[in-house]
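Below are the chains, spelled out letter by letter.
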Amino acid sequence: TIACLSFLLARRHRPHSGAFMVPAGRFLAVVLIVLFWVCYVPDVLDGGNSLWLFTAAVYAIALVFWFAGRKRAGRRLHGIVVHGKGRGHLHSMPTANLKPFRGQSLPEFGVWSVKVFYAGKYYRGVSNVGFRPSDDDSPVPSVETLIFDFDEDIYGKKITLEFGKFIRPTRKFANLDELRTQIELDIKSCFDD
């Protein structure tokens, strides 16, 4: 009962991520269910110890996955590329504005080096996560990614961002030239790792 409730709560909070979204995860779930029946039915019939040993093993495995999941939380974002204000295109710095699927947690606000997974390939890039004090005062955080060596139209397409090195916190710039200079430094930082 506890395992089922935990799974349902996890799916509610992180509906588009987790091991159970992939075939290997679903296979693992089926194997565990079969093992429950194999171990529990004989135990109920003759009162042996395998029930308690198996339960302890399941909880130990669950704890390992839980700790691993907490470590990875916020390191990957899945979502759809949506239209922004178009200012990046005007300044020759087009960005992909990601609308993350519900239930995902954003990483720490700031500028990150990222890997962008799209259509079976990956590209390197730099992302700003959070607010845009140099652009507007919107209270809604955004995820904007400049993808290197990439010029495809991906509006409405699904991409995945994998966050690598944290480069710097977000800050306000006095003008566009200062912002451009900092973006060039951020791009160089992406290739230092």
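For the structure itself, look to the data block above.
Source: prediction; values computed, not measured.

Undergrad: How do you make sense of the overall build of the chain when you look at a structure like this?
TA: Helix and strand content of the chain: five helices and six strands. In the chain, buried positions account for 29% of the 193 residues. For the chain, long-range pairs separated by at least 24 residues make up 61% of all intrachain contacts whose partners lie at least 6 apart in sequence. Of the roughly 12,900 Å² of accessible surface on the chain, a fraction of 64% belongs to carbon and sulfur atoms.

Undergrad: Any chance you could explain the side chain of T160 here in plain terms?
TA: Inspection of the secondary structure assignment puts T160 in strand β6 (residues 158-168). Classification of T160 by relative accessible area gives buried; the value is 10%. Here H78 takes part through its side chain, which lies 2.9 Å from a polar atom of the side chain of T160.

Undergrad: Please clarify how the pattern of salt bridges should be interpreted in this entry.
TA: For side chains of opposite charge, pairing can occur when their charged atoms come near one another. All told, the structure shown has three salt bridges when counted by the stated rule. In this structure, R76 engages E162 in a salt bridge whose closest nitrogen and oxygen atoms are separated by 2.6 Å. Of this pair, R76 sits in strand β1 (residues 76-82) while E162 sits in strand β6, placing them 86 residues apart in sequence. Among the salt bridges present, the one from D186 reaches R168, with a minimum N-O distance of 2.9 Å. Of this pair, D186 sits in helix α5 (residues 176-190) while R168 sits in strand β6; the two residues are 18 residues apart in sequence, bridging distant segments of the chain.

Undergrad: Looking at this model, I keep getting lost on the sheet that holds strand β3 (residues 110-118). Mind explaining?
TA: Within a beta sheet, neighbouring strands are joined by backbone hydrogen bonds and run either parallel or antiparallel to one another. Here we have six strands rolled up into a closed barrel, ordered β1-β2-β5-β4-β3-β6, and antiparallel in their pairing. Direction aside, neighbouring strands of the sheet carry axes that sit 45 degrees apart on average. Pairing analysis gives four bridges linking β1 to strand β2 (residues 96-100), with the strands arranged antiparallel. Among the inter-strand pairings, I80 is bridged to a residue of β2, identified as K99. Set on the sheet, α5 makes contact with β3, β4 (121-130), β5 (142-147) and β6; between it and β6 the angle comes to about 100 degrees.

What counts, and at which threshold
- Note on numbering: residues in each chain are counted from 1, in written sequence order.
- For this predicted model, a pLDDT threshold of at least 70 governs which residues receive local features, and a threshold of 80 or more governs which side-chain atom pairs are given and counted, while totals over whole chains, interfaces and linings are taken from all residues.
- With hydrogens and water set aside, each side-chain value is computed from the structure's full complement of heavy atoms.
- Numbering of helices and strands runs from the N terminus; a helix is a DSSP stretch of H or I covering at least four residues, while a strand is a stretch of E covering at least two.
- Relative accessible area decides the class of each residue, using a 1.4 Å probe on protein chains only: under 20% of the type maximum gives buried, over 50% gives exposed, and in between gives partly exposed.
- Residues are treated as being in contact if the distance between any of their heavy atoms lies within 4.5 Å.
- The accessible surface values rely on the Shrake-Rupley method and a 1.4 Å probe; as for residues, cover is taken only from the protein chains in view.
- Pairing of N or O atoms within 3.5 Å defines a polar contact, subject to two protein rules: one partner must be a possible hydrogen donor and the other a possible acceptor, and residues neighboring in sequence count only if both atoms are side-chain atoms.
- Salt bridge, as applied in this entry: a Lys or Arg side-chain nitrogen positioned within 4 Å of an Asp or Glu carboxyl oxygen.
- The criterion for strand pairing is that DSSP finds at least two bridges linking the strands in question.
- Note on definitions: angles span 0 to 180 degrees between N-to-C directions of axes, and those axes are lines fitted to C-alpha atoms, for helices only across the stretch in contact.

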